[in-house]
Structures are given as C-alpha cells and as structure tokens.
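# Chain and residue survey
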Amino acid sequence: MPVVNYASREITCKIVYYGPGRSGKTSNLQYIHRRVPAARRGEMMSLATHGDRTLFFDFLPIDLGAISGFTTRFQLYTVPGQVYYRSTRRLVLQGADGVVFVADSQRRQAEENVESYRDLHEALAEQGVDVRDVPLVLQYNKQDLPPDLVASPDELDALLNFRAVPTFAADALGGRGVFETLRRVSELVLRRLATPATVIR
Amino acid sequence: MTRAVAPWLDAPLTDFVRQARVGMAVALEPSGRVLAQHGFTRALDVMAVCSLVAAIHASASELGRQVGGRPFGPLHHGASGQQVFLAPAAAGSGTVLVLAVFDDRTSLGVVRHFFAAFARAVATVPDEDRATGPLTGDFERDLGRNLAVLFGRA
C-alpha cells in the first residue's frame, strides 16, 4: 500500500510499467521525463544494456504536488520485458501500488502480449496479491503504426482485457495516451486512499 | 538532520548516524519506498537512491538463494573517498533496509557495531494499523489539475 505520513502529510506511491520487450515501457517514462519540469521530477535512471534494452529497471520519481493537502510523490518503474528476466521482473514488481500493462499493438506481437500478461498475473499471485485488488490499466501502444500492422483497441480488448480494466490507445514515442494512462492509474491508486487504508504512523 | 516518513524510525536512525558518524543514511522498505533519511537534500534524489538500494538488496538476496540457498547479508563497498554499507534489519513483521554512506571519519567496524544497535532498536515496532483514508472524495480535481500543470496542459 502507499506510504502515508500524517505528520508531514506526504504520500508515496509505486507504479510499475509492465509488458513484453520493446512494447514501449521505457518510452512512456522518457516522455514523462521530457514533459515534466525538472523541479518536479528526479533524474531518470535506466539500468540498461549496451543495446539500450532495459536490464533491471528504469526509474523516474515525480512530484505531483498537493492532493487533498498531501504532498504526493510517485515512483515510476519499468520492468525488463524479455522473457529471461523473469526473476528481475518479480523483484521490481514487489510492493507495487499500481500497474500499467503496456501492450505492443502489432499483430505479430499478440503472443508476446498474452505471455507477458499471464506472467504479470503469475507474479502478483506469487507475491500473495489478488490481481483483482491491484489498480491496473492497459495501454495499447504503437497505435500510430500503419493500420494493417496493428490490432485495433477492440481486438486487443478481446485478446487481453478479460477483467474490463481501463484501456488507452497510445503512441508513447509521440506522447499520445501517455498522460491519460498515468492519470488513470494515479486515480485508481489514490482512490484506495480515499477509503480505509494501511497507514504507517 | 534526520527526516522520517515513518516516525518510529526517527530516533533509531538519528542515533545510528550520530554514533556511527556516517554522513548520509537512508532507511527504506524492500520495495524501495523511503522511510527515513539523513543527509540528503532533495526528496526526489532520495527516491532514486532508494530504488537502487532496493535493487541491490533484492539482487544480492536472490543471488544468494540461487547459489547457496540463503540470501546474502550485509554488503560493503569501499572506494577511495567514500564507502557504503547496506544491510537489512527485521522490524516488526517486516524488513527495513539501511544504506549508510561514510568516509574516513569512521570505519566499517564502527558502522557495523552501531548498525547492530539500530537493528535491536527497530526489532519491535508498532505494526501498521488501519485508519481512515487520508484523501477526500474530490481528490480527482487536485490530481487532474496537478497532472495537467506537470504536462503543460493547464
């Protein structure tokens, strides 16, 4: 659960961007990093290989400002998408307050999307988390590619969205849908704090 | 000055910093969320440090399990000027990680000694309790406005 300090009126939340390799998780954080003023964010850290693939995680802290009188900060993480980094994904997912699943809309990536989405559910279950309790948003990225290459949001809904969670069509490189995705998962995470919550005093 | 998000860590971390003579220290959850810190000036920088500490600890623990069946314990990195000491401490039903940054004004042995005292001090802490949620029902308005400002859409 988010860390809440009533004395200093601060809230800290952890949001993890999950999804198959090269689906655009890092691009989401890079766009946010570019758009958010330096005074309201930290440096973006990327633990990457020489080939620029995420090795461990990307990390970007942002300061959302005062929400209901609480200084609210979000820690945004990505996981490495490649199949063989399974154990690393579990480490980064630990303690997540919300998850954005970034799917690659290309038709040829359908199997990778399903496999990664299944991996997410397994990882949460292994951590004793009921997936129905985790704020989750699906982002269908790369919708800017030629229509014959990509599945439509409706098709991706049929493939992935059996839980009927919020979805957003996106082009993370260009920024389309990035803001909306972050806003929605933020709402879902913070809504849990508008009801009885776990608090460290 | 020590600053604690989790007030029960305030005194133990302050004592540790003073007695071990470390320059900077941060206490965090294994998930990477900061609980208390000393010596850092910017909250966002602390969060970045915490994400790395959590990753190092998680990696070392997992590596230990893979090669020997048990997670590795404390970790020390030495360099010409500064050194870091990273160790977990049981705190109630959970775990607190501590990263201490120090120089030649103290030694690894002294840091270890006073970390042990810190670990004893935090062994019994009040468990998390349940309370009314802090946010009011109209938090969406603040959230929407602040995000719009951040993204230059206001």
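Scroll up to find the structure this text is about.
Everything in this summary refers to the structure shown in the same document. (Residues numbered from 1 in each chain as written. Chains lettered and ligands numbered in written order. Predicted model: local features only at pLDDT ≥ 70, side-chain atom pairs only at ≥ 80, totals over all residues. Heavy atoms only, no water.)

## Remarks on the pairing of strand β6 (residues 98-104) of chain A
Residues and elements named next belong to chain A. Along β6, 7 of the 7 residues are buried, which leaves the element largely enclosed by surrounding structure. A two-sided burial pattern is seen for β6, the buried positions comprising G98, V100, V102 and D104 on one face and V99, F101 and A103 on the other. Bridge count between strand β2 (residues 10-18) and β6: 4 bridges; the pairing is parallel. Bridge assignment links V16 to a residue of β6, and that residue is V99. (Buried < 20%, exposed > 50% of the residue type's maximum accessible area, 1.4 Å probe, protein only. Helix = DSSP H or I, 4+ residues; strand = E, 2+ residues; numbered from the N terminus. Pairing = 2+ DSSP bridges.)

## Examining the environment of Q143 of chain A
All names here are of chain A. One can find Q143 in the loop between β7 (136-141) and α4 (153-160). Along the chain, Q143 and A172 lie 29 residues apart, while their C-alpha atoms are 9.2 Å from each other. For Q143, the residues in contact, after removing those within four places along its chain, are S105, A151, S152, P153, L156, A169, A170 and R176. One polar contact links the side chain of Q143 to the main-chain carbonyl oxygen of A151, over a distance of 3.0 Å. (Contact = heavy atoms within 4.5 Å. Polar contact = N/O pair within 3.5 Å; in protein donor to acceptor, adjacent residues only side chain to side chain.)

## Describing the pairing of strand β2 (residues 24-28) of chain B
Residues and elements named next belong to chain B. Along β2, 4 of the 5 residues are buried, which leaves the element largely enclosed by surrounding structure. Pairing between β2 and strand β6 (residues 94-102): 5 bridges, direction antiparallel. Its bridge partner being in β6, A27 is matched across the sheet by V98. Bridge count between β2 and strand β3 (residues 34-38): 4 bridges; the pairing is antiparallel. Each residue of the ladder has a partner; that of V26, found in β3, is Q37. In textbook terms, the turn of a hairpin is the stretch between consecutive antiparallel strands, and for β2 and β3 this stretch comprises 5 residues, one of which, G32, has a positive phi near 105°.

## Quick notes on the pattern of salt bridges
Here the structure, examined in full by the defined rule, presents 19 salt bridges over all chains. One salt bridge in this structure joins R65 of chain B and E62 of chain B, with 3.5 Å as the shortest N-O distance. One end of the pair is R65 of chain B and the other is E62 of chain B, both in helix α2 (residues 43-68) and 3 residues apart, which spans about a single turn. E62 of chain B sits in the partly exposed class, given a relative accessible area of 22%. Among the charged side chains, a network of salt bridges with common partners joins R86, R89, R90, D119 and E126 of chain A. (Salt bridge = Lys/Arg side-chain N within 4 Å of Asp/Glu carboxyl O.)

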